[in-house]
Amino acid sequence: MPTVYLNGAFLSQEEACIPVTDRGFLFGDGVYEVIPAYGGRLFRLPHHLQRLQNSLDGIRLENPLSAGEWEDVLNTLLTHNRDQGGTDNDQGVYLQVTRGSAARRDHSFPATITPTIYAASSPIPPLDPTIEHNGVAAITLNDIRWQRCDIKAITLLANVLLRQQAVEQGAAEAILVRDGQVIEGSSSNIFAVVNDTIITPPKSERMLPGITRDLVLELADKHQLPHRETDVDEIMLAQADEVWITSSTREIVPVTQLNGRSVGDGRPGEVWKTMSRHYRAYKTAVREGLAD
Ligand code: PDD
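Residues numbered from 1 in each chain as written. Predicted model: local features only at pLDDT ≥ 70, side-chain atom pairs only at ≥ 80, totals over all residues. Heavy atoms only, no water.

Draft legend 1. Molecular detail of the overall build of the protein chain. A tally of regular secondary structure across the protein chain gives 8 helices and 15 strands. In terms of principal-axis extent, the alpha carbons of the protein chain reach across some 55 × 45 × 30 Å. Per-residue burial for the protein chain yields a buried fraction of 49% across its 292 residues. Expressed as a percentage of contacts within the protein chain between residues at least 6 apart in sequence, the contacts between residues at least 24 apart total 70%. Here the protein chain displays about 14300 Å² of accessible surface, and carbon together with sulfur accounts for 51% of that area. The average position of the 27 basic charges and that of the 38 acidic charges among the side chains of the protein chain differ by 2 Å. (Helix = DSSP H or I, 4+ residues; strand = E, 2+ residues; numbered from the N terminus. Buried < 20%, exposed > 50% of the residue type's maximum accessible area, 1.4 Å probe, protein only. Contact = heavy atoms within 4.5 Å. Areas by Shrake-Rupley, 256 points an atom, 1.4 Å probe, with all protein chains shown as cover. Lys, Arg positive; Asp, Glu negative; His and termini not counted. Charge placed at Lys NZ, Arg CZ, Asp CG, Glu CD.)

Draft legend 2. Looking closely at helix α6 (residues 211-222). An ideal rise of 1.5 Å per residue puts 16 Å on 12 residues; α6 measures up with 16 Å between its terminal C-alpha atoms. Looking only at α6, the buried set comprises Ile211, Thr212, Arg213, Leu215, Val216, Leu217, Leu219 and Ala220. Just downstream of α6, Gln224 is the residue with a positive phi angle, here 50 degrees. (Expected span 1.5 Å × (residues − 1).)

Draft legend 3. Here's a closer look at the sheet that holds strand β1 (residues 3-6). The sheet built from 6 strands is open, its strands ordered β2-β1-β6-β5-β3-β4 with antiparallel pairing. On the outer flanks of this sheet lie β2 (9-12) and β4 (41-42), each paired with one strand and no other. In this sheet, strand β5 (residues 91-98) lies alongside strand β3 (residues 30-38) in antiparallel orientation, the contact comprising 8 bridges. Paired with Gly30 across the strands is Thr98, a residue of β5. The sheet strands contacting helix α2 (residues 45-58) are β3, β4 and β5, and the helix crosses β3 at an angle near 175 degrees. (Pairing = 2+ DSSP bridges. Axes fitted to C-alpha atoms, helices over the stretch in contact; angles between N-to-C directions.)

Draft legend 4. Looking closely at the packing of aromatic side chains. The tally for this structure, following the rule as stated, stands at 7 aromatic pairs. What links up through ring pairs into an aromatic cluster is the set Tyr38, Phe43, Tyr279 and Tyr282. One cation-aromatic arrangement involves Arg99 over Phe109; the distance from NZ or CZ to the ring centre is 3.7 Å. (Phe/Tyr/Trp six-rings, centres within 6.5 Å; stacked < 30°, edge-to-face > 60°. Lys NZ or Arg CZ within 6 Å of the ring centre and 35° of its normal.)

Draft legend 5. View of empty space enclosed by the protein. Applying the stated rule across the entire model yields 1 cavity of 30 Å³ or more. Lining the largest cavity we find Asp241, Glu242, Val243, Trp244, Pro254, Val255, Thr256, Val263, Arg267, Pro268, Gly269 and Trp272. Taken together, the elements giving at least two residues each to the lining of the largest cavity come down to β13 (242-247) and β14 (251-258). Partitioned by chemical class, the residues of the lining of the largest cavity number 7 nonpolar, 2 polar and 3 charged. (1 Å grid on protein atoms, 1.4 Å probe; cavity = no way out; pocket = protein on both sides within 12 Å on 5 of 7 lines; lining within 4 Å. Points joined across faces, edges and corners; volume = space filled by probe spheres on them. Nonpolar A, V, L, I, M, F, W, Y, C, P; charged D, E, K, R; others polar.)

Draft legend 6. Structural context of the nonpolar core. Residues Ile35, Leu42, Leu52, Trp70, Leu74 and Leu95 are the most contacted members of the largest nonpolar core, which totals 24 residues. Looking at this core, the elements that each hand over two or more residues are β3, α2, α3 (67-80), β5 and β6 (116-123). Per element, the largest residue contribution to this core is 5 residues, and it comes from α3. If we ignore the near neighbours within four places in the chain, the residues touching Trp70 are Leu49, Leu52, Asn63, Leu65, Leu95, Val97 and Ile117. Within the second largest apolar cluster, 19 residues are counted, among which are Leu215, Val216, Leu217 and Leu219. (Core = buried A, V, L, I, M, F, W, Y, C linked by side-chain atoms within 4.5 Å.)

Draft legend 7. Local environment of the site of the ligand. Of all residues adjacent to the ligand, which total 20 residues, the nearest are Tyr32, Arg51, Glu184, Thr212 and Ser248. In the model, an oxygen atom of the ligand is placed 2.6 Å from a nitrogen or oxygen of the Tyr32 side chain. Taking Glu184, its side chain carries an N or O atom lying 2.6 Å from a nitrogen atom of the ligand. Expressed as a share of its isolated accessible area of 470 Å², the protein-covered part of the ligand is 90%. Among the cavities detected, the one that contains the ligand is the largest pocket. Going through the elements one at a time, β3, β9 (181-185), α6 and β13 are the ones with two or more residues in the shell around the ligand. Split by residue class, the shell around the ligand holds 4 nonpolar, 12 polar and 4 charged. (Near = heavy atom within 4 Å. Polar contact = N/O pair within 3.5 Å; in protein donor to acceptor, adjacent residues only side chain to side chain. Sits in = over half its atoms within 2 Å of the grid points.)

Draft legend 8. Seen up close, the domain arrangement of the protein chain. The assigned domain composition of the protein chain is domain 1 (3-123) and domain 2 (129-287). Opposite the 26 residues of domain 1 that make contact, domain 2 presents 21 residues. Both sides of the domain 1 and domain 2 interface together cover about 2000 Å² of buried area, and 60% of this is carbon and sulfur. Area buried by domain 1 at its contact with domain 2 is led by Tyr38, Arg44 and Arg51, which between them contribute 34% of it. The tally of links from domain 1 across to domain 2 stands at 2 salt bridges. Residues Arg44 and Glu218 are paired through a salt bridge, measuring 2.9 Å at the closest nitrogen-oxygen approach. Put simply, domain 1 and domain 2 have 10 residue pairs in polar contact (both at pLDDT 80 or more) between them. Those elements giving two or more residues to the side of domain 1 that touches domain 2 turn out to be α1 (23-27), β3, α2 and β5. Looking at the side of domain 1 that touches domain 2, the element that brings in the most residues is β3, giving 7 residues. Here the side of domain 1 that touches domain 2 is built from residues that sort into 9 nonpolar, 10 polar and 7 charged. (Domains from an automatic or database assignment. Buried area = accessible area lost by both parts, 1.4 Å probe. Salt bridge = Lys/Arg side-chain N within 4 Å of Asp/Glu carboxyl O.)

Here it is as structure tokens:
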């Protein structure tokens, strides 16, 4: 049974309970992060903690822990669950902070707030080799989410419904489009390769600023792969030579079928192969304590 962290205590998952009046449960009033750890080392922790801070600021909730306290909690959690992490000790951390409980259900903030802090970790399964070989299918769908998708809110109903629609059409991801512009996936960011240039939409309140997205751009810079943050419309996406989705859990996944049509030649592309190699090398450096 894995250990979880709840409000200052490390408990077995079975023992951990929250009141039914928790505003996360009643309103989805909270934010979260998903952070991979490779070889027991948290990947890009300062970036994730900064995004957590931005999300908390976005919902006007004070950060209950300092960066150092977060680091201690998450590292202790990883140590508790060390045996569940497989031989490589690769684990994914999930953390969430909600606005806590109040006696009465009321949309406005309660007068006194004790946030609920929860964190759990579980083994990261090895990447599926068929995905590396064949890529995945995706479909485009109308983005029905709210206007502040830059906040990593636990309120994910629209994302859930969109992903389910994709799955029911045999696709691994729903790529979301607003006013003809490609925004991101239901739980990933989006890249395309057009005329040998890697392109991705610029950050805005309409998308989550992905940590993997930032790293891909950093690696493109470092290895001098042509890249640009620019608006991507549906037509550009449909005509792109390559399409990728990125996230902390899925890393960089080539999309080889889009709306039932092949992307490029229908195989993972050469630019993806190059980027994927750089990403793997970066992960190895993290494991060896040479990068974070
Ligand atoms: N989701 N966009 C959305 C809407 C996401 O939910 C995610 C990640 C991303 C990619 O962000 P990052 O590279 O920082 O993981 C983009 C996580 C993995 C989740 O909800 O489980």
